[in-house]
Amino acid sequence: MLSLNIRSESSILKFSAAGAGFFALVGIGWGLWAHSMAIVFDGSYSLVSLGLSLLSLLALRVASAPADSRFNFGRLQAEPLSIAVKGMVILLVCVVSFAAAVMAVLDGGRQVAADKAIFFALLSVLVCFAIWWRLRQANLSLQSVLVEAEQNQWWMDAVLSLAVLLGFILTWGLQFTPYAGWALYADPVMVILVSGYFIQVPLRMLWHSINELLMISPPPELRKQVYRELESLGISHRQCKMAKSGSYLLLEVRIGISRIEQMQGLQQQLERKLAHLPLEPVVWLDFYCQSTRPKQQTA
């Protein structure tokens, strides 16, 4: 089952990368032609998305590689590491774009060819929402954190394009009113609003990925589901440790050596019990010796 998921994730990530590459070229070129900072920002974001999609493909390949003499526990941390890099890069794009737009406002705004910009913004909205919807539908069954990160990228791009479209319509309308001078500020102000609002997305990506890299215990809802399955096999929650790493659930179960015969096939049983979770279980069994000496009575 895991190999099928990987192939599906790979095809979805390649589809996302192809879309990002197309929009990067068209967006930057169209933005320079229309003299629009917002469209150049949109195209630059797509260019960054292309690089991040390729990074996701690499992380998927690395994380699925088996353990070896150098990586004794495998390379499962590749997924949260790639998402952390994504978050930092998107955060940098938002901060740089915000600063550039503020400078443009202070310099007196920018003249934009609104008619050219409106056509591109409308096309961008339709295509970005279509790609986001395709990724969302695919991930309902895949439950992949890498595809989810791609969804976030396309959602940001789609809403950015929608904001740009509305801004350009407003800019075009202002040209026929006594407030035509304010149209110069519409383009950089749109970038300020959108980049300022979306800065929360990379911050969330960074927060969750750092938690996973530090092997912090997963959310309570997930822990409760795992504990229920453990109890059905006669294992107390005190006997286990767990962490989430990307698309994987890392679970270590401690078993007293006196119960080895009762626990034969436990790893396979656990993997079957946890198969319904939206994560691939990676189970380790840790057997330990139990002291048989009676406790001394205290006076």
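Report on the accompanying structure. From a predicted model like this one, the values you see are computed outputs, not experimental measurements. (Residues numbered from 1 in each chain as written. Predicted model: local features only at pLDDT ≥ 70, side-chain atom pairs only at ≥ 80, totals over all residues. Heavy atoms only, no water.)

1. Side note on the nonpolar core
With 50 residues, the main nonpolar core has Ile-39, Ile-90, Trp-154, Met-156, Val-164 and Phe-168 as its most contacted residues. For this core, the leading source of residues is helix 5 (residues 145-174), giving eleven residues. Residues within four places of Val-164 in sequence aside, it is in contact with Ala-38, Ile-39, Ala-121 and Met-190. Grouped together as the second largest cluster of nonpolar side chains are 17 residues, Leu-233, Ile-235, Leu-251 and Leu-277 included. (Core = buried A, V, L, I, M, F, W, Y, C linked by side-chain atoms within 4.5 Å. Buried < 20%, exposed > 50% of the residue type's maximum accessible area, 1.4 Å probe, protein only. Helix = DSSP H or I, 4+ residues; strand = E, 2+ residues; numbered from the N terminus. Contact = heavy atoms within 4.5 Å.)

2. Here's the deal with the sheet that holds strand 2 (residues 248-256)
Ordered by their spatial adjacency, three strands build an open sheet running 1-2-3, and the pairing between neighbours is mixed. Of all strands in the sheet, those with a lone pairing partner are strand 1 (240-245) and strand 3 (280-288), marking the two edges. Averaged over all pairs of adjacent strands, the angle between their axes in this sheet comes to 15°, without regard to strand direction. Contacting strand 2 and strand 3, helix 9 (residues 266-273) crosses the sheet at an angle of about 150° to strand 3. (Pairing = 2+ DSSP bridges. Axes fitted to C-alpha atoms, helices over the stretch in contact; angles between N-to-C directions.)

3. A closer look at a nonpolar patch on the surface
Taken together, the side chains of Leu-81, Val-85, Met-88 and Leu-213 present a nonpolar region at the surface, about 320 Å² in accessible area. Among the elements that line the nonpolar patch, the one with the most residues is helix 3 (residues 78-106), at three residues. Here Met-88 lies in helix 3. Exposure remark for Met-88: the relative accessible area of 47% places this residue in the partly exposed category. (Patch = residues over 30% accessible without salt bridge, like charges linked within 9 Å, V, L, I, M, F, W, Y side chains within 5 Å. Areas by Shrake-Rupley, 256 points an atom, 1.4 Å probe, with all protein chains shown as cover. Salt bridge = Lys/Arg side-chain N within 4 Å of Asp/Glu carboxyl O.)

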